[in-house]
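In case you want the letters, here they are:
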Amino acid sequence: MTQLIRGDGGRGRQNGPANPDDDRYDDEDEYLEPVSAAEAAREGLRQVVELTGRDPVGTTSLRSVRDGWVVGVEVVEDHRIPASTDLLGLYEVELDVEGGLLGYRRVRRYQRGKGEVG
């Protein structure tokens, strides 16, 4: 599926109404191919590892949103002995439709050996 993007950096947003005389917008439309779910998951993991310097555990979630993808990534924040007591961090990564990083945040920190309650 191909998505039509108009001179807005691939984020599907414009500030105010489009003005045909405004030089910020090209006269030609640019067609961009959005990244696949698998590519978004890999890119989200890569971005968190690069930004935090932590060891990756894996991708834990992936969801499509209007402007791209939100990827859940788990990393080891503190290696301990035994490994079952490592501290893990769960990060949420926001990517645009092309896989570019929009933002990330840690949403949870927990001990590896402790399961979720609920």
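Residues numbered from 1 in each chain as written. Predicted model: local features only at pLDDT ≥ 70, side-chain atom pairs only at ≥ 80, totals over all residues. Heavy atoms only, no water.

**Brief notes about the overall build of the chain**
- Along the backbone of the chain there are one helix and six strands.
- For the chain, the sequential pattern of α-helices and β-strands runs β-β-α-β-β-β-β.
- Burial status across the chain gives 31% buried among its 118 residues.
- When contacts within the chain are restricted to residue pairs at least 6 apart in sequence, those whose partners lie at least 24 apart make up 44%.
- With the model as given, the accessible surface of the chain reaches about 8000 Å², and the carbon-plus-sulfur share is 46%. (Helix = DSSP H or I, 4+ residues; strand = E, 2+ residues; numbered from the N terminus. Buried < 20%, exposed > 50% of the residue type's maximum accessible area, 1.4 Å probe, protein only. Contact = heavy atoms within 4.5 Å. Areas by Shrake-Rupley, 256 points an atom, 1.4 Å probe, with all protein chains shown as cover.)

**Quick notes on the nonpolar core**
- In terms of nonpolar packing, the biggest core is built from ten residues, these being Val35, Ala40, Val48, Trp69, Val71, Val73, Val75, Tyr91, Val93 and Leu95.
- Ranked by residue count, the leading element in this core is strand S4 (residues 68-78), at four residues.
- If we skip the residues at most four places from it in the chain, Val75 touches Val48, Arg54, Asp55, Pro56, Val57, Leu87, Leu88, Gly89 and Tyr91. (Core = buried A, V, L, I, M, F, W, Y, C linked by side-chain atoms within 4.5 Å.)

**Some thoughts on the sheet that holds strand S3 (residues 55-65)**
- Pairing is antiparallel across the open sheet formed by four strands, whose spatial order is S3-S4-S5-S6. Only two strands of the sheet have a single partner each, and these edge strands are S3 and strand S6 (101-111). Within the sheet, the average angular offset between the axes of one strand and its neighbour, ignoring direction, is 20°.
- Direction of pairing for S3 relative to S4: antiparallel, over a ladder of nine bridges. Bridged to Pro56 within S4 is Val75. (Pairing = 2+ DSSP bridges. Axes fitted to C-alpha atoms, helices over the stretch in contact; angles between N-to-C directions.)

**Some words on the pairing of S6**
- Sheet analysis places strand S5 (residues 87-96) next to S6, joined by nine bridges and oriented antiparallel. Of the residues in S6, the one forming a bridge with Val93 is Tyr104.
- Linkage of S5 to S6, two consecutive antiparallel strands, is achieved through a turn of four residues, within which Gly99 is found at a positive phi near 90°.

**Thoughts on the pattern of salt bridges**
- With the rule as written, the count across this model stands at seven salt bridges.
- For the salt bridge of Glu43 with Arg46, the shortest nitrogen-to-oxygen distance reads 2.7 Å. A residue pair is termed a helical-turn pair when its members lie 3 or 4 positions apart in one helix, as Glu43 and Arg46 do in helix H1 (residues 37-52) at three residues.
- A salt bridge links Arg109 to Glu77; the nearest nitrogen and oxygen atoms lie 2.9 Å apart. Highlighted residues: Arg109 in strand S6 and Glu77 in strand S4, separated in sequence by 32 residues.
- Put simply, Glu43, Arg46 and Glu50 are held in one network by salt bridges that share partners. (Salt bridge = Lys/Arg side-chain N within 4 Å of Asp/Glu carboxyl O.)

**Some words on unusual backbone geometry**
- Following Ile81, the chain continues into Pro82 via a peptide bond in cis, with omega recorded as 0°.
- As for its placement among the helices and strands, Pro82 is situated in the loop between S4 and S5.

**Description of the packing of aromatic side chains**
- Taken as a whole and judged by the stated rule, the model has one aromatic pair.
- Positioned above the aromatic ring of Tyr110 is the side chain of Arg108, whose terminal nitrogen or guanidinium carbon lies 4.0 Å from the ring centre. (Phe/Tyr/Trp six-rings, centres within 6.5 Å; stacked < 30°, edge-to-face > 60°. Lys NZ or Arg CZ within 6 Å of the ring centre and 35° of its normal.)

**As for the environment of Val70**
- Along the chain, Val70 falls in strand S4.
- In sequence terms Val70 and Tyr104 are 34 residues apart; their C-alpha atoms lie 9.2 Å from each other.
- Sequence-distant contacts of Val70, that is, excluding residues within four places in its chain, are made with Ser61, Leu62, Arg63, Val65, Glu92, Val93 and Glu94.

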